[in-house]
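Coordinates in review
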Amino acid sequence: MQLMKPEPIDTADQPATKRRSPGGAIFMAALALPGLVGVAHADSAPDRGRIDLSYLDYRDWQPGLDRINVHSPSFRVLAPIAGVWALESSVVSDSISGATPHYHAAISGASTMSDHRKAEDVALTRYFSRGSARAGITHSGEDDYQSRAFSLEGTLSTEDKNTAANFGIGVSSDVINPVNLIVKGAKKH
């Protein structure tokens, strides 16, 4: 595979109002990504609810082989409450199937695999004039791995909103039961 260097953009013959730097285009594209616009207004409560549906599909392959397939539908809801609160929740379901790479299959004898993960989370945020406080819980589960977590987060900005401090803490409790039975009911925190 050969990587090609992008050609420079020549804007010399364009009027000054039409000229854009490549960095400016990348910045504008980044602003269009979901979630980034909300970051700029972290201390203000949302004024409208939002529902997001997503479906992600990933495929990994080798010549002549269909290796890994991942299907991941997700659902997210954001609901403003009384002008100073926001409730967020999301659910995702990942299905993974396929075959291990040839190199590893030849060594271990393993050739196919499949797994299914479901994850849910809920977060409640309280907005103040110069900051916010957020509490969240999450769960993620597979046949061989269960994870539960709790988090507290906060932001505080200066009066002119030119500087902000973010802080947070999270605790997780995971239980591991691998299919190869190396451990049973192992815990991770």
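Remember, predicted model here, so these are calculated numbers, not experimental data.

What follows is about the overall build of the protein. Helices and strands together make up the secondary structure of the protein, namely three helices and eight strands. Starting at the N terminus and ending at the C terminus, the protein contains elements arranged as α-α-β-β-β-α-β-β-β-β-β. Across the 189 residues that make up the protein, the buried fraction comes to 16%. Long-range pairs, those at least 24 residues apart, make up 40% of the contacts in the protein with a sequence separation of at least 6. For the protein, the accessible surface area stands at approximately 14,200 Å², while carbon and sulfur atoms represent 62% of it.

As a further point, take the side chain of S93. The residue S93 is located in strand β3 (residues 85-99) in this model. A polar side-chain atom of S93 sits 3.0 Å from a polar atom in the side chain of H116.

A few words on the pairing of strand β7 (residues 164-176). A small share of β7 lies buried, amounting to one of its 13 residues. Between strand β6 (residues 145-157) and the antiparallel strand that follows it, β7, lie six residues; K161 among them carries a positive phi value of about 60°. Inspection of the sheet shows β7 paired to strand β8 (residues 186-188) by three bridges, in the antiparallel sense. Bridged to D174 within β8 is K188.

Procedures and definitions
- Residues numbered from 1 in each chain as written.
- Predicted model: local features only at pLDDT ≥ 70, side-chain atom pairs only at ≥ 80, totals over all residues.
- Heavy atoms only, no water.
- Helix = DSSP H or I, 4+ residues; strand = E, 2+ residues; numbered from the N terminus.
- Buried < 20%, exposed > 50% of the residue type's maximum accessible area, 1.4 Å probe, protein only.
- Contact = heavy atoms within 4.5 Å.
- Areas by Shrake-Rupley, 256 points an atom, 1.4 Å probe, with all protein chains shown as cover.
- Polar contact = N/O pair within 3.5 Å; in protein donor to acceptor, adjacent residues only side chain to side chain.
- Pairing = 2+ DSSP bridges.

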